Amino acid sequence: MKIVRIDGNFHRWSELLQLILSSFAHMNGRINPPSSALSLTSQSLAEKTVREIGYVALEDEDLLGCMFLRPEPGCLYLGKLAVAPEAQGRGVGKFLLQVAEVAAKERLLSALRLETRIELTENHSVFAAWGFAKTAEKSHPGFDRITYIEMRKVLAL
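On a predicted model such as this, the values are computed, not experimentally measured, just so you know.

A. Representation of the side chain of Glu 101. Mapped onto the fold, Glu 101 is located in helix H3 (residues 92–106). With relative accessibility at 15%, the residue Glu 101 sits in the buried group.

Below is the structure:
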């Protein structure tokens, strides 16, 4: 398996979109509001890589996973971390996380930050096992209840 940065030579947008949608499908009907992944298009993913740092995990030519990183003050935001359902449990997510840690350190950012829905307790457990700790409970606009949590992993620079 190798991790490759998405650059101007990447053209597999529809495959990447399908990877994200299949990876996030278990959330459909389970979380409210629905995942922002449902509003992604091949075009919006291409535009996302202009504003953010995208990576894909490949095995031969198969797309196994992806993530998007966005520098913020003091941390690197980790979003749309997705692993193809058939590749889950094979260390793809952890491998992507290691690349995110290197990217943060290269930018002298001392933490990774992510958000995960309140209902997805299994994700909370996985991220905690990877060294993340809950730092905040938040609500999407228009909701009067907690809809997601923020988690951070502090990195040694």
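B. Molecular detail of the state of the cysteines. On inspection of all chains with the given rule, the structure shows zero disulfides. Its sulfur unpaired, Cys 66 is 19 Å from the next cysteine sulfur, which belongs to Cys 75. The exposure class of Cys 66 is buried, given its relative accessible area of 0%. A residue is classified by how much of its surface remains accessible, and Cys 75, at 1% relative accessible area, is buried.

C. The arrangement of the sheet that holds strand S7 (residues 148–154) in detail. One open sheet accounts for seven strands, arranged S1-S2-S3-S4-S5-S7-S6; its pairing is mixed. The strands lining the two open edges of the sheet, one partner per strand, are strand S1 (2–5) and strand S6 (133–138). The mean inter-strand angle of the sheet, taken between neighbouring strand axes irrespective of direction, is 30°. Pairing of S1 with strand S2 (residues 53–59) involves four bridges; the strand directions are antiparallel. Looking at S2, one finds that Val 4 is bridged to Val 56. The strands that helix H1 (residues 13–24) touches are S2, strand S3 (62–72) and strand S4 (75–83); relative to S3, the one it contacts most, it runs at about 90°. Its contacts with the sheet place helix H4 (residues 121–129) against S4, strand S5 (111–117) and S7, and it is angled at close to 165° to S5.

What counts and how
- Along each chain, the written sequence defines residue order, and numbers are assigned to residues from 1.
- Local features in a predicted model are, by the rule used here, given only for residues with pLDDT of at least 70; side-chain atom pairs are given and counted only at 80 or more, and totals for whole chains, interfaces and linings are based on all residues.
- Think of the side-chain values as coming from all heavy atoms in the structure, minus any hydrogens and water.
- In this text, helices come from DSSP runs of H or I with a minimum length of four residues, and strands from runs of E with a minimum of two, each type numbered from the N-terminal end.
- Relative accessible area decides the class of each residue, using a 1.4 Å probe on protein chains only: under 20% of the type maximum gives buried, over 50% gives exposed, and in between gives partly exposed.
- We call a pair of cysteine sulfur atoms a disulfide when they lie within 2.5 Å.
- When DSSP finds at least two bridges between two strands, those strands are taken to pair.
- For helices, the axis comes from a line fit to the C-alpha atoms of the stretch in contact; other axes are also lines fit to C-alpha atoms, and the angle between any two N-to-C directions lies between 0 and 180 degrees.
- Between two residues, a contact is recorded if the distance between any of their heavy atoms is within 4.5 Å.

Coordinates in, geometry out; function isn't part of it.
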